[in-house]
Each structure stands twice: as structure tokens, then as C-alpha cells.
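So you can see what is in the structure, the chains are spelled out below.
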Amino acid sequence: MAADAIFEQVVDAARALGVTEIEAIETSHHEALTRFANNAIHQNVAERASHLSVRALVEGRTARASTNRLDREAIRDVVAQAVALARASEADADLLPLPSPASYPTAARWFDSTARSTPAGRAQAIAEALRVVEEAGQTAAGIYSTGEASFSLFNSRGVAAHHRETMARFSITAMAADSSGWAKASACDLGDLDPVALARSAARKATLSHAPRELPPGRYTVILEPAAVLDLVGQMFGDFSATAIRDGRSFLNDRIGKKIFGDNITIHDDALDALQAGAAFDGEGAPRRRLTLVESGVVRDIAYSRAAAALAGVEPTGHGFPLPNEFGEAPVNIVIAGGESTVERMVASAERAILVTRLWYIREVDPYEKIFTGMTRDGTFLVEDGAVTAGVRNFRFNQGLMEMLSNVEALSATVRASGEETFDMVAPAMLVRDFRFSEVTRF
Amino acid sequence: MKDVALLALEHAAIRGVEYADVRAVETREREVTTKNGKAGHVSSSESVGVGIRVLAHGCWGFAATDDLSRDGIARAASLAVEIARAGTAAKKQDVALAPEEAHEAVWVSPCRIDPFSISVERNLGELLAVDAELRRDPAITLAEASMTFTRERQVFASTIGSLIDQTRVTSGAGFAATCYKNDDIQKRSYPNSFGGQYQLKGYELVEELDLRAHAPRIAEEAIALHAADQCPEGEFDLILDSSQLGLQIHESIGHPIELDRVLGSEANYAGMSFLTLDQLHRLRYGSEMVNVVCDARLEHGPGLGTFAFDDEGVPAQSNDIIRGGRFTGYMTSRETAAAVGERRSNGCMRADGWARLPLIRMTNVSLLPGGQSLDEVFGMDDGIYMETNRSWSIDDKRYNFQFGCEIGWEVRGGKRVRMLKNPSYSGISTEFWNACCAIAGREHWTLWGVPNCGKGQPEQVMGTGHGASPARFRKIKIGSAYGG
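Only a predicted model underlies this, so the values are computations on that prediction, with no experimental measurement involved.

The rules we used
- Residues numbered from 1 in each chain as written.
- Chains lettered and ligands numbered in written order.
- Predicted model: local features only at pLDDT ≥ 70, side-chain atom pairs only at ≥ 80, totals over all residues.
- Contact = placed C-beta atoms within 7 Å.
- Nonpolar A, V, L, I, M, F, W, Y, C, P; charged D, E, K, R; others polar.
- Pairing = 2+ DSSP bridges.
- Helix = DSSP H or I, 4+ residues; strand = E, 2+ residues; numbered from the N terminus.
- Domains from an automatic or database assignment.
- Axes fitted to C-alpha atoms, helices over the stretch in contact; angles between N-to-C directions.
- Parallel < 35°, antiparallel > 145°, perpendicular 65-115°, else oblique.
- Left-handed = near helix turned anticlockwise from the far one by under 90°.
- Core = buried A, V, L, I, M, F, W, Y, C linked by C-beta atoms within 7 Å.
- Buried ≥ 20, exposed ≤ 12 C-beta atoms within 10 Å, placed from the backbone.

1. Brief notes about the interface of chain B and chain A
Piece 1. The interface of chain B with chain A comprises 71 residues on the first partner and 73 residues on the second.
Piece 2. Taken together, the residues of the side of chain B that touches chain A break down into 28 nonpolar, 28 polar and 15 charged.
Piece 3. The pairing of strand β3 (residues 61-67) of chain A with strand β2 (residues 38-56) of chain B spans three bridges and is classified as parallel. Each bridged residue has a counterpart across the sheet, and for Arg64(A) the counterpart in β2(B) is Ser43(B).

As C-alpha cells, this is what we get:
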């Protein structure tokens, strides 16, 4: 059933219950993922699902109910459930009426090539990538996923926002006897992925990091590849939220307008950036505005949902999560401005540094100083006199982000970076001095 | 549900597969939260679908759908077989499974008070009362409280003749108080961080937790932490409360004993394990008083890892993981058991709903109670006691870990003498467990629920159980998270 037809049924069901303020989000997706390990495909899955989520507003109260059954009876049930929950909820004097229609720019993020990918096509690409790793005498594990998704948001005041996109991801870990290397990429257009090139990169890192040396913990100059940058720096963007600041849980409390990073740090949130993905509207249907989160080290903009904006007396920025929720809003299309350098030039310029491919299991140690801990993983190297000279055993870090982003000495051009600890972003590689490694592990 | 499962199995079987199993799953959830005197998240959701797993051409294929029409199920079965066939492009050997008997069963988890019979108004009323207690002192800048309830019915059917109908009800509740002032954020939670306690129980869990009674102490501690001294850096004897020890078990024992990790299946994402096959029955994992089991049986307790059958149709079991400090066993599946020559899976395959493939997941991985009284556990001249997790991190082979806790105390002569803020500790898994020198007895043992364990690609979130009582560890590295 088409999304607009579903919404008509939602409105009818709500009216029958005497409710006129109703919102519905309809999503559907078809995703497939082929997973390999020990140089063979070992898990191979596909999933097709739809989802309807209905929010009712009743006399200053709101609540949400969801289902994946989309027949007429189920739609009537889910609306009735949302209305009953709303009536049972507490009245909120700050609850806003549903928003009015807006116009949204179109983000062309749906590609037929990705949507039409097949299990056989993914398996063939994996087989070719595995040949590269096997020729290096290594074993590989990883994934190749493809999917398509659509997202439609309607409300009874006339909002009708639609987005659809495709996404492909390839990730590979190459493993030698005592070392490993990793590479990953994602793109809306499957044609932008090159699994064989990623396999070559992972295998090269595994080869170069063999017989890793153990270095003592301490402060090192580090060269963080884009995936390492995004997985660590990406941890802070939930704090660029008016609600988080109001709750006293953001490290930006009393720091808006202050210079807390280096001059060379500028960060935007831009849903329309060519390397970004996602919808051009938020969870209430507000258009996403481009934000300058950090300009030359100074915190500028933060995200406002409609509710947070009303409380602050400003315009919403289009970063709200679907209501009701406790978190308010956050920027989700991060673009970290790059520089003129490259990873190769950073290596060439370093007298002594640690080159980091990837970070892992990053968790917040201190919420206000924004200290994070985590591990290096799958390709950690010693750089001496302008060249990679050895692999090194993996480090644990405990590093404050304000200090780190004040110590950036060089940035590369930006790429669409993909890691495992946060959502994909547009990010550069960074050369950072005095990065704190606190411990060393056994491999 | 049974009809859906049997229809899906029929569609898979007629396509000439070597083996197939299907899970028709129906889930209902309710989530109610409050924040600073207002309702936060009030929602309900339901989901129903079927996942079809086939073994064909020596490869696995899996397809899931929420289109439960005859055609929709047929398409999913056909896709699962197509996917399995595609896997032959990169196959090293045919998948082999350890044998398992056919089982027919209907099982419903014990639930004294159906949580869905309790009104949302009552849920909100209880949480708002907690909220009011937390915010009696305006220094509390953020008060959060929540309840979540889930009922999941699953019908499993397989081509070896199993037909298993299981219903599990789980509940969770807790609250947290945050105090931001003077450029510092401190937080306390009850009964545990990240949402509280979760168990295989009905609304009786909420009643047992007695949330309101604990709110004043939690708020006071969140405020008091601002005036507390920073936890020192150095080597100290360390006592952990049972909730933090539960997470320590989860990360440094539970994940490393997953045999699929050991064999490399998770190498690209969750990682591998230091517990290589040569370590079995050889490694001294912990001190002699350390005994750990992986136990999915109801006899172990109402854990998030308690069930009657796993998602491959293998009955719940109890297995020794560490006995007398010696490493004695992994968690297995039918495929991994066969790969290492075991006669049978020990029943640890679990899937996150109908749309995901079963993986080896922790059931209830628990440290058995020790023989010491709480006074004996605290009986040290100079050490640090830590309570309630704040952060957790461990490397991808599970050697090096670092945990932070919400609150600590300096302990002298068996007494808490000084509150400490920002406590953390770190170490190597086996060195840590070998430093265990006192474990409190059964009366202090709690089966904690971890509701958010992530694993797999696409990622799956699973609830696991971890029983523990407070324990003491000698000469542990403390405070390096905030070191120079």
C-alpha cells in the first residue's frame, strides 16, 4: 500500500476517535548483507520490512504507537493505541501543535544499481576481494551490504515529506599471523565502492604491521586516518543540542561562543553535502538547515528541535528526533572541514608518530571534559623519520576532545568516512600532537 | 503463529534444502519514561514476522519478511535458497551441524503480574513520584526515570521435526540523577546505570526494586560527588559492587567464550578472542575461588538469558566456563560445536527478533557466589570500593579493559571513609580474575540484566544475564583514565 494511502486510513481512524491532530511515519526497507570470514561466505541474509509509527496529540498530551502490520485493521489498532496512550499521558504545557507544511530540497540518493544488486553479485565481488587477500597469504573477514529504504512523514496539518535512498557498504579485515589491516567504505551508489581496492589496502596494512613492536604508553604525535577521526570526534555531536545543554548534560554548557578548539577546526552540519546521506527533513518534518557548529575553533551553532527552539525563542534548525523523546535533537550530517595535506605527506613530515587506521570500543570517561577511552585496532604503525617503519601493538587511549582538537597540526582533504563507532561522516585525516596513550595491550 | 512457522518451513523444505529452521516471532513492547517532572517517552510497539534459515549447497541462506501472506512467505523462502546458492562463490567447505534431537514444547516464562495489565497512568505516576524525590534539591539538573516491558512469542520449527512455542516476558526499570555545576557533570543511577535492572519477570520486578525509596540517596550522592576528592591513580586493592562486576563478567569472560568469535566469524566487527582453542582446560583464567557458569535454565534465575530452548531448538543448559579458576568451556552453536568436535551444541544461539539470524550470544554468564561475608570482602586495610558502571571499553581480543564507575569510596580497616569521584580501573582480563581474593556469598548475589549487548552484522541487540556478588581484587591499576 502506498504511504499516502496508509496515511488516509490513519486520519480516518483518528477522526473516528475524535482526534484531529495526528502524525504518521511510514518506513520500508529491503536490506541484504553477505558476510565472510576465514576467506569464505559464512552468513548471508536479507530482510524486507515495513513500519508504521503514529503519534497522536490530545489536549496537550502526546504519545506514539508503532506496528509493522499495515492492513486496515492493524492501522486502526495502532491509531487507537496511540490515542489511548496520549490520553493516559501527562499534559505538557510546552507541547507544540503539529507543524505546518514546508518545502524540502531533494537529495538524490537513490541509485538503481544499488537497489538491483543481487546475492550473486555481492558474492562475486567478495570472491574477487578474497583472492587479493589469499594471494597475500592472509585470511579475511568482512561484509558487503546493499539496501534501499524509504521514509515518509505526514501530519494532519498537511506535512508530506518523503525521502528514499540506497546504501552500499563494504568492509574487510585482512589477518596475517600476528597482524591485521582494515578498510571500509560506504556510498549511496554501489558503483562508488571498489571492494578489490579496499581488500588491497587491508592486506597491505596487515603485511606492513607484522611482528608488531611494543612501545611504552605515553604522549605521541598521531596520524589518525579519517575513520579514526570520525569514530572519535563523532562522539561529541550529540552535545551540540539545545536540549542537552538545557539538561546540563552537554560539554557545551557555558562554552557556546567560546574558542575551545584550534583555529583549523571548522565543522558544519549539512544534510545536502554531496557526500552525505539521509533525509533533508527531521523527525517532525522540519527542513534541515545548514549549521556552522564550529568556526575556526569557536562553538557557533547548536541544533534546535521545534520544542527547544520555542523555549529559546529561536527558529528550529530541523534536527529534532521523532516525538515524544527525551533527547530533543542532534546534528547528524557532520562535515568536518579538511586541509591541504594527505596521509602520505603527514607520514613524510613526521619525525616520530603513530599512524592509526581505526579506533574501537570508544566510551565516554568524563562528560564535561569530553574525555574518551578506546583502543587502536587493525593497522597501527610506528612512523620514524618520515616513513612507516614497523607495526606496533595496539594502544588504549584516554583523550579529551577539546585538547585533541586544539592540537591538530595538519588535515587532509575530506572523504565520506565510515567506521563502526558512530554514523558515517565527511571527515579528513588529522595529524595530532600529544595524543595520550595510557596502556598497551597484548597484540 | 504456528501456522506461519509451519507454512514457512514447508516452503523452505520443498526447495530441496539440506536443513531449514524458521522462527515466527511476535513482539509487543511498552516504554514509559519521565524527565524533569514531565512524561518523556510514552510509546508502544508491536512487530510480527518470520525468519527463514536454510542450509543448501553446503551454505547458509537467511531471509526474513513481515509479509506473512502465502506469497510473501514463499518469496522469502525462495530468496533464502537463492542466497545460499550464491554463497557457493566463496565456499571452503560444506557447513556441518552437531546432531540435535527433535523437540516439541510450549513454554511460557514465569510472570506474576502481567506488565501490560498495568495502566500507563500507573507507570507514569510511579515514575513521576521518583522524579519528584530526585528533584527535591534544585541542584539536580536532570532527573530521568524509565520502565520498559516486552512480551515476545516465538514459534520455532525445523526440518528435523522440532516445534517449539516459547513466550518470554521481560521488564526493566530504573532512574538517574544528574547534577551539573562548577564545570563538572556527576550522575548517579539506581539500581544500575543505563536504564536500571532488567529481568525475565513481569511488573513484580518494578515492585521489588522499590524505586521511590532509593531516590533521595541517589540524588544526595550525585550532588555530594561534586565535593568529593578525585579518585587517586595507582595500584590498590579493589572491591566492586555486584552490578559493576556483572559488566566485568560480560566483557572479560562472556564475550571471549563465544566460540564463533574464537573461530573468526566476528573478526571484522566485534573482534576475536584471546581464548584460542589451545587454552581450553589449560588456561588458569582466575584464582581458585573463581567459578563461572553459562546457564540458560530457569533454575539459575530470571535472567535476560533464561529460556527453554535456544533459537536453533537446542534445550537450555548449564555449562561450566571456569571451574576452580581453570578455563573449561565455550558457548557454542550446532555449527561451531561440530567444527571443534563437540557432540552437541550447548544451546547459546539467539536472534534479535524475526529479522535477524541466530548468533552465539551470552545466556546468563554468572560468577557463582563465594564463601565470604560482606564484612570479609570489605576486610582490607587500604583499598577502593567502586559502584555502578559509568564507562566500559575492552580491546577486540578481550585482553585489555578499562571501566569507569559512577562513585567510589576509599576503604580503610573495612570501613568506607572517603567518597571519591571519577573512579576507574583497568587491566588484563586473566590478570584481573587471578587477582580475585574474596567473593561475597549467595545472600549478596544478584542476577543483573544487560539489555543492550551488540554483536553481528547487521548488528543485533540482545539481553544477557550476569549473576554476581561483591568481590575483592588485589593490586589493581586504578585511575589511569584521568592520568597525566
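2. Describing the domain arrangement of chain A
All names here are of chain A.
Piece 1. Annotation of chain A at the domain level lists domain 1 (3-195) and domain 2 (212-443).
Piece 2. Spacing between the C-alpha centres of domain 1 and domain 2 amounts to 25 Å.
Piece 3. Listed per partner, the contact involves 33 residues of domain 1 and 27 residues of domain 2.
Piece 4. Listing elements by their share of the side of domain 1 that touches domain 2, those giving two or more residues are β3, β4 (139-155), β5 (160-175) and β6 (180-187).
Piece 5. Ranked by the residues each element gives to the side of domain 1 that touches domain 2, the list is headed by β6, at seven residues.

3. Here's the deal with the packing of helix α1 (residues 2-13) of chain B against helix α2 (residues 70-86) of chain B
Residue and element names in this part refer to chain B.
Piece 1. Relative orientation of the contacting elements α1 and α2 amounts to 45 degrees, with a least axis distance of 9 Å. Comparing the axis directions of α1 and α2 gives the class oblique. When the axes of α1 and α2 are compared, the crossing they make is right-handed. Within the contact between the two elements, α1 uses Leu7, Ala8, His11 and Ala12 and α2 uses Arg70, Ile73, Ala74, Ala77 and Ala80.
Piece 2. Residue composition of the contact of α1 with α2, grouped by class: seven nonpolar, one polar and one charged.

4. Comments concerning the nonpolar core
Piece 1. Ala56(A), Ile223(A), Ala8(B), Val50(B), Ile52(B) and Ala80(B) are the most contacted members of the largest nonpolar core, which totals 297 residues.
Piece 2. In terms of residue count, strand β2 (residues 40-58) of chain A provides more of this core than any other element does, ten residues in total.
Piece 3. Setting aside chain neighbours within four positions, we find Ala8(B) in contact with Val22(B), Ala24(B), Val50(B), Ile52(B), Ile73(B) and Ala77(B).

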